[in-house]
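For reference, the chains in residue letters:
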Amino acid sequence: MSAITFENIFKSYRQTFVLNDVSLILPAGQTTAIVGESGSGKSTLLQLVNGLVRPDRGIIRIEEKELNYQYISSVRKKMGYVVQGAGLFPHLTIRENITLLARLSGWHQHAIDERYDGFLEAFGLNKDLSERYPHSLSGGQQQRVGLCRAMILDPKLLLLDEPFSALDPITREAIYEKFLQVINREKSILLVTHDMNEALKLASYLVILRNGKVIQEGDPYNVANHPVNQYVERFFVGAHG
Amino acid sequence: MVKYIFLAFLCYLHVSSSLAAITIGTKNFNESYLLGEIMAQLLEVEGFEVERRFGLGGTLVCYEALLSGEIDIYVEYTGTLAQVILKHGNSTPEISDLNRILAAKGLRVLESFGFNNTYAIAIKEALATELKIDRIAQLRSQPDLRMAFSLEFLNREDGWPGLMRKYNLSANPRGIEHGLAYQAIHEGKIDITDAYSTDGDLERYRLTVLSDDQGYFPQYLAVPFVRSGLPKLALKALSQLEGLIDDERMRALNGQTIIHGNTFSEVARTFLIEQGFTQSPSSINSMPSILDNTITHLKLTLIALVLGVLLGLPLGIIVFRSNMAARVMVYCAGLLQTIPSIALLALMIPLFGIGEVPAIIALFLYSILPILRNTITALVTIDPLLKRVAEAIGLTSAQQLRYVLLPMALPTILAGIKTAAIISIGTATLAAFIGAGGLGEPIVTGLALNDTDLILQGAIPAAGLAICVELFFELLERLLVKPHMLQNEFPS
Ligand SMILES: Nc1ncnc2c1ncn2[C@@H]1O[C@H](COP(=O)(O)OP(=O)(O)OP(=O)(O)O)[C@@H](O)[C@H]1O
Ligand SMILES: [Mg+2]
């Protein structure tokens, strides 16, 4: 079964194509990395999945079912979304940011607390941060809080837009480990990144985007060993899976 | 049970209609207050219950109030009636002429009190005696006298220009602010100025009025202006005042309040005793206390503000997502704001009469803009990324508002409500012009009497209220808003 299917997606802003006939079938229960240079359409592709962006043409299917825009907010609750740049709510504490959705979904306080504490632990966040506000956190801390918020309802599908970009290499390595444990191979993940190292570490499927077109896709090591052109090859310079 | 309530209600209606009070209004200047109070006390002596709606903001307000039955009586001047209200060509009409026109509107005027409060040419008594002049015509032979007139008099066609032609005068008068003219004449800087013939200040500065021997100035006879439906007995009682007060007497009465600082109530009572209408020296009526005024003021402001929030906030929330609708709304509310408050209050009279209701509605209309505008601005300017996140994590529209947008907009919305509250407190002082009471009442009366103490009795509590409101909102902000969410905004 496929987690997400894009069928002949076109999207343009003011006559310029951002996505130009994109078709993809992304495997369920795996992590797909979308790599491309800045402005290539990665975030747009991601936002098509949760309906923040609607295609001009084409169809998006989630687990084979066409995306239903009419009940979009309940569809969205089944996807975790980490926006590029964390996007924490400034008026809520760290605890409130992370647990907001669980509280609104009527979870038992006990269950919320348990999951919350586990998350802090797993992502290396100090408990002291709980009652603080986002503005007083570092960029890397904020990104991890954003990740926790996206995963609080334990969604089967995760949409991650450069979730680790503000981390130093040491913390990043540690978080990769934790992350792989937390997602326990059950989840389908769409990971946008421009860091090929990250893609090789976390993803089992790789999509390379350029100017709104898919120029290569497949198993990351396959792609690394058989780049279709020099452009793709350049992405792997310095990368060491 | 229901039947008894109904019966009780009928009884109430019956009792209240048999005791229906006569409502007396006055304009907001000394003489009008005084005559209003004299009529009020006379009617009370005759056994009527009287309600006082004093200090209404000018001819138009009084006339509309009378026409709509909000008041039953006020004192008008025949010249004003003819020109301003009836737009009658003849500026010195007969009482019977006026009544013929007024009958159709259900109104009438009674016979004059006996004085004519018109423009007058005033000169120092001592100087007049020295020069042996007592008529305007004699000015022709006194070209050396220094004249200064109020700008209005100087420029009105029925003021100096006409006077000069009529009497063939050749002087070249200067303009002067009316309030300063008396001081100037007193200190001998000028010799002649314009005045109103019953002005109490004429007494104070020992000025005499040159007689208008060729009948140039229009007649402004003071008359009770009443609704035709007034009880016969009340009309009869009022008719006793006919011809009782001549120019000199009115000047003296005015002087007693302006110069000697007696209250209207005291002066009216003394007058009625002297005229033999009553013996009892006790005065019944007193001004409402500062506390009463403050409470009324607060009530007007608060109700208007609550209504403003109830409309402005939801409206802002509904329209903020549409750029077009938001613009239209803010534009409309802005348009309301540009109507001068006095004009807005006057516009309210034909629709809602006078008193608290129209005042509250006017204040409410003014409070919409700051609340609406701040609500829209606050919601529109929230970081689009956060709006996107709120949507993307699966919050419904209502949840987005409740948990993200409104809490983030709160500081700016509160600031809007605060602005509205402070504007309301200031504007509510004008509500006294349409008989709504509040802290404007002592201010308006004080202005009419030139009584600084009285003005301060309204102005100081009003300023105090404004400060309290400021502090209250600061406290509210501290309770509701996290410090890091405040953008150090300063009220503009
Ligand atoms: N709302 C919008 N209106 C107009 N143009 C847009 C809009 N959103 C995206 N674009 C344009 O679409 C193109 C692709 O944007 P997108 O955000 O998908 O890029 P990206 O691959 O995520 O880049 P980055 O790595 O810098 O995040 C860019 O050229 C961008 O300017
Ligand atoms: Mg992007």
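Chain B carries the name ABC transporter permease subunit in an unreviewed UniProt entry, which gives OM182 bacterium as its organism.

Chain A goes by ATP-binding cassette domain-containing protein in an unreviewed UniProt entry, where it is assigned to OM182 bacterium. According to the UniProt record, the Sequence similarities (unreviewed entry) comment for chain A reads "Belongs to the ABC transporter superfamily."

This brings us to the sheet that holds strand S8 (residues 188-193) of chain A. Residue and element names in this part refer to chain A. Spatially, the 6 strands line up as an open sheet ordered S6-S7-S8-S3-S9-S10, and their pairing is mixed. Of all the strands in the sheet, just strand S6 (79-82) and strand S10 (213-218) have a single pairing partner and so form its edges. If you compare each strand with its neighbour and ignore which way they point, the axes differ by 15 degrees on average. Summarising the sheet, strand S3 (residues 31-36) and strand S9 (residues 205-210) pair through 5 bridges and their orientation is parallel. Following the sheet pairing, Thr 32 is matched in S9 by Tyr 205.

Moving on, we come to the packing of aromatic side chains. Going through the model one piece at a time under the given rule, you end up with 19 aromatic pairs over all chains. One aromatic cluster is present, built from ring pairs that chain together Tyr 119, Phe 149, Phe 153, Trp 160, Tyr 196, Tyr 216 and Phe 217 of chain B. Taking the ring centre of Phe 89 of chain A as reference, the NZ or CZ of Arg 149 of chain A above it sits at 4.9 Å. Positioned over the ring face of Tyr 403 of chain B is Arg 402 of chain B, at 4.6 Å from the centre of the ring.

Bringing the site of ligand 1 into the picture now. Residues and elements named next belong to chain A. Lining the immediate environment of ligand 1, one finds 13 residues, of which Ser 38, Gly 39, Lys 42, Ser 43 and Thr 44 sit closest. One nitrogen or oxygen atom from the main chain of Gly 39 is found 2.9 Å from an oxygen atom belonging to ligand 1. Within the side chain of Glu 162, a nitrogen or oxygen atom sits 3.5 Å from an oxygen atom of ligand 1. When ligand 1 sits alone it has 640 Å² of accessible area, and the protein chains cover 61% of it. No other element matches helix H1 (residues 42-49), which puts 3 residues into the shell around ligand 1. A class-by-class count of the residues in the shell around ligand 1 yields 2 nonpolar, 7 polar and 4 charged.

Turning our eyes to something else, we now look at the coordination of the magnesium ion (ligand 2). Residues and elements named next belong to chain A. Looking at the metal site, the magnesium ion (ligand 2) is ligated by Ser 43 (OG) and Gln 84 (OE1), spaced 1.9 to 2.4 Å from it. Here the residue Ser 43 occupies a position in helix H1, and Gln 84 occupies one in the loop between S6 and helix H3 (94-104), the gap between them amounting to 41 residues. Residue class for Gln 84 comes out partly exposed when judged on its relative accessible area of 37%.

Right, let's get into the domain arrangement of chain A. Residue and element names in this part refer to chain A. Taken domain by domain, chain A holds domain 1 (1-77 + 155-167 + 183-240) and domain 2 (81-153). The C-alpha-based centres of domain 1 and domain 2 are spaced at 25 Å. Each side of the interface is counted separately: domain 1 has 19 residues, and domain 2 has 14 residues. A per-residue breakdown of the area domain 1 buries against domain 2 is headed by Lys 77, Pro 155 and Asp 161, which together make up 30% of the total. Inspection of the region where domain 1 meets domain 2 yields 0 salt bridges. Remark: the boundary between domain 1 and domain 2 carries 8 residue pairs in polar contact (both at pLDDT 80 or more). Within the residue set of the side of domain 1 that touches domain 2, elements represented by two or more residues are H1 and strand S7 (157-161). Among the elements that line the side of domain 1 that touches domain 2, the one with the most residues is S7, at 4 residues.

As annotated by UniProt and renumbered to match this structure, "domain: ABC transmembrane type-1" (unreviewed entry) occupies residues 294-477 of chain B. Span residues 294-477 of chain B is 85% helix and 0% strand, its end C-alpha atoms 25 Å apart.

Residue and element names in this part refer to chain B. Interaxial distance between helix H18 (residues 384-392) and helix H19 (residues 397-428) falls to 10 Å at its minimum, and their mutual angle equals 165 degrees. It follows from the interaxial angle that H18 and H19 lie roughly antiparallel. You can see that H18 and H19 cross each other, and the crossing is right-handed. Here Leu 386, Lys 387, Ala 390 and Glu 391 of H18 lie close against H19, whose contacting residues are Gln 400, Val 404, Leu 405 and Met 408. Residues of the contact of H18 with H19, tallied by class, amount to 5 nonpolar, 1 polar and 2 charged.

Okay, the interface of chain A and chain B next. Each partner contributes to the interface: chain A provides 21 residues, whereas chain B provides 19 residues. Across the interface of chain A and chain B, roughly 1,900 Å² is buried in total on both sides, 71% from carbon and sulfur atoms. Among the residues chain A hides against chain B, the three largest losses belong to Phe 89, His 91 and Leu 104 of chain A. Together they make up 28% of the total. Joining chain A to chain B, the criterion identifies 1 salt bridge. Taking the shortest distance from any N to any O, the salt bridge between Glu 391 of chain B and Arg 76 of chain A comes out at 3.5 Å. Put simply, the parts of the chain that give the side of chain A that touches chain B at least two residues each are helix H2 (72-77) and H3 of chain A.

Conventions used here
- Residues numbered from 1 in each chain as written.
- Chains lettered and ligands numbered in written order.
- Predicted model: local features only at pLDDT ≥ 70, side-chain atom pairs only at ≥ 80, totals over all residues.
- Heavy atoms only, no water.
- UniProt positions renumbered as here; feature names shortened; annotations may be inferred.
- Pairing = 2+ DSSP bridges.
- Helix = DSSP H or I, 4+ residues; strand = E, 2+ residues; numbered from the N terminus.
- Axes fitted to C-alpha atoms, helices over the stretch in contact; angles between N-to-C directions.
- Phe/Tyr/Trp six-rings, centres within 6.5 Å; stacked < 30°, edge-to-face > 60°.
- Lys NZ or Arg CZ within 6 Å of the ring centre and 35° of its normal.
- Near = heavy atom within 4 Å.
- Polar contact = N/O pair within 3.5 Å; in protein donor to acceptor, adjacent residues only side chain to side chain.
- Areas by Shrake-Rupley, 256 points an atom, 1.4 Å probe, with all protein chains shown as cover.
- Nonpolar A, V, L, I, M, F, W, Y, C, P; charged D, E, K, R; others polar.
- Donors = N, O, S within 2.8 Å, 3.2 Å for Na, K, Ca; no water.
- Buried < 20%, exposed > 50% of the residue type's maximum accessible area, 1.4 Å probe, protein only.
- Domains from an automatic or database assignment.
- Contact = heavy atoms within 4.5 Å.
- Buried area = accessible area lost by both parts, 1.4 Å probe.
- Salt bridge = Lys/Arg side-chain N within 4 Å of Asp/Glu carboxyl O.
- Parallel < 35°, antiparallel > 145°, perpendicular 65-115°, else oblique.
- Left-handed = near helix turned anticlockwise from the far one by under 90°.

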